[in-house]
Amino acid sequence: MTTPRRTPAAAALVACGLLLSACTGTDSGADNGTGQILNVATTAEVTTWNPVKSFSTEVYYLSNVYEPLLWMNPPGSKERFRPALAERWESSADARTWTFHLRKGVTFHDGEPMNAAAVKASLEASAKDGGAAFIWSALDTIETPDEHTVVLKLKSPAPADMIASSMYGAWIVSPKALAKGEDYFAKGVDAGTGPYRVSEYQAKKRVVLKAYDKYWGGWKGERYRTVVARITAEPTAQQQMLESGQVDYAGSLPLENVARFKKDKGYTVTECPTFTSHTAFFNTTKGPLKNVKVRQALAQAIPYDDIVKVGAEGFGARARGPVPAGAFPYDAQLPQTPYDLEAARRLLTEAGYEGGKGLKLTLSYAAENAQQAKYAPLIKDSFAKVGVTVELQPILFNQQWEKAKADPATAQDIFLLMYWPTYSDAGSDNLVSLFRSSDKPFFNLSYWKDATYDKFVDEAGTHTATDQDKAAELYGKAQRRLLEQAPGAFLYDMRTPVVMNSQVKGFACNPNYSFSIPFHQLRHGAS
Amino acid sequence: MPRFLLRRLRGSLLVLLGVSAITFLLARVIPSNPALTYVGAKATPEEVERVTHALGLDQPLPVQYLSYLRNVLTGDWGTSIATKQPVLGELGDRLPATLELVGAAMAVALVLGVTLGCIAAVRPGRLIDQAVRLLSIAGVSVPAFWLGLLLQLLVFGRLGLLPPTGRIDSDLEFTAPIHSITGLNTVDALLTGNGAALASAAAHLILPALTLAAYPLGVVARMTRTSMLEALQQDHIRVGRAYGVPERTLVWRVALRNALPPTVTVLGLTAAYALTGAFFVEVVFDWPGLGQYAASGLLSLDYPAVMGVTLIGAIAYVLVNLAVDLVHARLDPRVRPA
């Protein structure tokens, strides 16, 4: 159909709409003048309300309802941690005994007191069958010498302060609720100590959080005592909700439209660094990609700057490896793989693929990931310049991952992955999960096995708690090995634009918790 | 009549069985692991394995299908993998929103479509007829999601009128909450005399309902025009005209009555089609109905949810067809077998 035919139909429908609107006598949108309710649009769905099991997007809500022992400050802060439920803490010199002194007079939302027994029960439950149980793998026993002191005894030295501030597997939960088991939480019941409690939950529709009056941190000033989160997967719909004033904050807007909000005084745009990064894995088990020269060639044929500029709409920063900037053990001295088509051609020739002859590769990415969908073609185009043909395979992440894990021999040649560490130690997480040898592939989707690399990361892990410099040095060596062997290419660390109605004040980024917004921190102020 | 009804019902049941079998198979041949959805993407392999077993996903396919079928018949439509809530409850929770949307759209299509069709039939070949023709063709051929976006852009974006998304202003849910009787916001607000909520709910309904109405509106307008032209050619109309019966009475009272039955049949059929259209419209307008539920279910590979929606859709389709057949049989004895 040609365009002129569409126009009268649309015009007529618009006219009808206007007439009907006149009948109902309303004007558009909502006026959020009360300052008491914060309306937000989010993509965060709830996989589980059980804080022990939680390992997904529900952290968006949980982080406002529950508290860990410590919070981790943003990189560059004077203090690395700040107290949450623990007021003070110290560790033995060998980092195998950690003592946490708990805040007094804190109650859970169900009225139970927050004490050493509650912390012991919560952490033991998380370590035993939590969704992120592995973060406590070093935990041996928990002692409670008195009502407000908790002593963690570890099997091996580990940074318990970092682990205790994780956003998965470290929430302190009322023991009464914990004892009720899995199904208790299913409908959106909470038993935390945080500033908010879950007051309403409609699966995939909305979550309402209401102030917990007896919150130990207090409720001063124009805070939002009610937060209404509308779960909206569509970025366009989120944008419209923000523009129509239905929400004060939208968590995931179409990136290409963020610039518009920057120019508008009605909104504040904060660009937050995150620990989420994009990696391309090369399948090292089959065909030409077994050859390190081919991998090096491909790594240099990836148009990194264009990917950040076009694929991420500028909301990203080139990576130096699988460790995102700001997270331990990021190393600013690591070289970045250059975009050098000449070098790539030369390497291909040396490997016996002159002019990329006959090289046909498949590249799979998550179809629902808008950024990957945008930059995958850039890789394809650039590879074509060195004579390598790429077939793009967009499928849902869940399927993409299942296929990749099933059998490396028939799997994709290149796998695009978006990844973030469970807590802020990307050494024990990213470097191990993504590239350390494993019998069955899980997140090591280049299926790479390298004894030298394994040795570096294994040894580094034992030093993290006691001698961070030593650990960083070893992790640095591991990362250099990665860049040399090129089992993958490191694309970029994401940045998230946070767009809020300018009446909302007090927001500060923290990449340690980039999936959540501390609502209690926000204030309502006249613009 | 009862025998006719029985036979139609039996056929409908077979259709539903077929639909459930096909959706079940489709949901399982995709290389994906629903257990992953259950525990979240970063869970450990052991955890995934435990859940796979707990959900019965390690059973052979026929066993899984049979137990699914047995459960469906006893009112247990499974538990959503993504939300862990009973699927039947979630469907019941979302059905009213879709019904309200589809109902409003069909009302718009019927009233506007019949009016436009009549106007076009009275002046065949004239400018107004051409305009209605254009509108009908556009309504039928423009994709719903595109039209929806266009309307949002124009009415909300440019003119600043009408809310672009949602069912009601979220503030109203606290200041003037709707007491739910039928689940249809506009109806409930009307019944309880909640003026503020009625205004907001109606304003939110306009754009998605218009978008969804475009297709049936086009069909109905065309159908009405054709059958009206035919009706206006009838002898009794000419006789009436000769006797000086006012033209208005002839068109709107006499001819329209003859022209309406086929239009209603067509409307019934497009109603079933509109249900599918609602899926796109709901996503675009963030309308919390079955369509949105299906879309998010598909994206998270939440197969109990997807199968639940498919089954509801199939049931609605079958019911509407059944109703159309019955109405038709009532109107036209030739359809009814002896």
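Residues numbered from 1 in each chain as written. Chains lettered and ligands numbered in written order. Predicted model: local features only at pLDDT ≥ 70, side-chain atom pairs only at ≥ 80, totals over all residues. Heavy atoms only, no water.

Student: Requested: an account of the environment of Glu67(A), with residues and values cited.
Tutor: Residues and elements named next belong to chain A. Structurally, the position occupied by Glu67 is in the loop between helix H2 (59–65) and strand E2 (70–72). On the basis of relative accessibility, which here comes to 2%, the residue Glu67 falls in the buried class. Separated by 321 residues in the primary sequence, Glu67 and Val388 place their C-alpha atoms 51 Å from one another. Non-local contacts of Glu67, meaning those with residues more than four positions away in its chain, are made with Leu85, Ala170, Trp171, Ile172, Thr193, Gly194, Tyr215 and Trp216. Only 3.0 Å separates the side chain of Glu67 from the side chain of Trp216, close enough to count as a polar contact. (Helix = DSSP H or I, 4+ residues; strand = E, 2+ residues; numbered from the N terminus. Buried < 20%, exposed > 50% of the residue type's maximum accessible area, 1.4 Å probe, protein only. Contact = heavy atoms within 4.5 Å. Polar contact = N/O pair within 3.5 Å; in protein donor to acceptor, adjacent residues only side chain to side chain.)

Student: Residues and numbers for the packing of helix H5 (residues 87–122) of chain B against helix H12 (residues 247–284) of chain B, please.
Tutor: When two helices pack together, you describe them by how their axes are tilted relative to each other and by the distance separating the axes. Residues and elements named next belong to chain B. At a closest axis distance of 8 Å, the pairing of H5 and H12 adopts a crossing angle of 140°. Relative to H12, H5 is oriented oblique. Seen from above, H5 lies across H12 with right-handed handedness. (Axes fitted to C-alpha atoms, helices over the stretch in contact; angles between N-to-C directions. Parallel < 35°, antiparallel > 145°, perpendicular 65-115°, else oblique. Left-handed = near helix turned anticlockwise from the far one by under 90°.)

Student: Go over the state of the cysteines, please, and point to the residues and values.
Tutor: All names here are of chain A. Inspection of the entire model under this criterion finds 1 disulfide over all chains. Each sulfur in the disulfide pair Cys272 and Cys509 lies 2.0 Å from the other. Between Cys272 and Cys509 the sulfur-sulfur dihedral comes to about -75°; the bridge is accordingly left-handed. Of this pair, Cys272 sits in strand E12 (residues 267–282) while Cys509 is found in the loop between strand E18 (504–505) and strand E19 (523–524), placing the two residues 237 residues apart along the sequence. The same class applies to Cys272 as to Cys509, namely buried. (Disulfide = S-S within 2.5 Å.)

Student: For the confidence of the model for chain A, give the residues involved together with the corresponding values.
Tutor: On average, residues of chain A score 89 in pLDDT, and 93% of them reach the 70 mark or higher. Across residues 1–35 of chain A, where pLDDT falls below 50, the model places 57 contacts with residues more than four positions away in sequence or in other chains. (pLDDT = per-residue confidence, 0-100.)

Student: Help me get a handle on the pairing of strand E8 (residues 196–202) of chain A, residues and values and all.
Tutor: Residues and elements named next belong to chain A. In this structure, E8 lies alongside strand E9 (residues 206–211), joined through 6 bridges in antiparallel fashion. Of the residues in E9, the one forming a bridge with Arg197 is Lys210. Counting the residues that bridge the hairpin from E8 to E9 gives 3 residues, and of these Lys204 lies at a positive phi of roughly 60°. (Pairing = 2+ DSSP bridges.)

Student: Any chance you could break down the environment of Ala138(B) for me, citing the residues and the numbers?
Tutor: Residues and elements named next belong to chain B. Along the chain, Ala138 turns up in helix H6 (residues 127–141). Taking the relative accessible area as the measure of exposure, Ala138 reaches 4% and is therefore buried. Along the backbone, Ala138 and Leu217 are 79 residues apart, and their C-alpha atoms lie at a distance of 10 Å.

Student: Any chance you could break down unusual backbone geometry for me, citing the residues and the numbers?
Tutor: A cis amide bond, omega -5°, links Phe328(A) with the succeeding residue Pro329(A). The topology assignment puts Pro329(A) in the loop between strand E13 (316–318) and helix H10 (341–350).

Student: Just give me the short version of the interface of chain B and chain A, but keep the residues and values in it.
Tutor: Facing 71 residues of chain B, the contacting portion of chain A comprises 65 residues. Taken together, both faces of the contact between chain B and chain A bury some 5,600 Å²; the carbon and sulfur share is 64%. Contact with chain A buries surface across chain B, with Lys42(B), Asp171(B) and Phe174(B) losing the most and accounting together for 13% of the total. At the boundary of chain B with chain A, the tally comes to 2 salt bridges. For Arg230(A), the salt bridge identified is with Asp286(B), shortest N-O distance 3.6 Å. (Buried area = accessible area lost by both parts, 1.4 Å probe. Salt bridge = Lys/Arg side-chain N within 4 Å of Asp/Glu carboxyl O.)

Student: Describe the sheet that holds strand E5 (residues 97–102) of chain A, and please don't skip the residues or the numbers.
Tutor: All names here are of chain A. Spatially, E4-E5-E7-E6 is the arrangement adopted by the 4 strands of the open sheet, whose pairing is antiparallel. The open sheet has two edge strands, strand E4 (86–91) and strand E6 (139–146), and neither has a second partner. Going across the sheet, the axis of each strand differs from the next one's by a mean of 20°, ignoring polarity. With 5 bridges joining them, E5 and strand E7 (residues 149–154) adopt antiparallel strand pairing. Considered in E7, the bridge of His101 is made with Thr149. Contacting E5, E6 and E7, helix H3 (residues 116–129) crosses the sheet at an angle of about 170° to E6.

Student: Give a description of helix H3 (residues 45–54) of chain B that names residues and reports values.
Tutor: Residue and element names in this part refer to chain B. Glu47, Val48, Val51 and Thr52 are the residues of H3 that are buried. Looking straight down H3, one finds its buried side chains confined to an arc of 135°; they lie on one side. Across from the buried face of H3, at angles greater than 90 degrees, the exposed residues are Glu46, Glu49, His53 and Ala54. Summarising the contacts, the buried residues of H3 are in contact with helix H2 (34–39). Phi for Gly56, located one or two positions after H3, is positive at around 75°. (Arc of directions from axis to C-beta.)

Student: I'd love a proper account of a nonpolar patch on the surface, names of residues and values included.
Tutor: All names here are of chain B. Together, Ile22, Leu25, Leu26, Val29, Ile30 and Leu61 line one region of the surface with nonpolar side chains, adding up to about 530 Å² of accessible area. The dominant element in the nonpolar patch, judged by the number of residues it contributes, is helix H1 (residues 2–29), at 4 residues. With respect to the secondary-structure elements, Val29 resides in helix H1. Overall, Val29 belongs to the exposed group, its relative accessible area being 57%. (Patch = residues over 30% accessible without salt bridge, like charges linked within 9 Å, V, L, I, M, F, W, Y side chains within 5 Å. Areas by Shrake-Rupley, 256 points an atom, 1.4 Å probe, with all protein chains shown as cover.)

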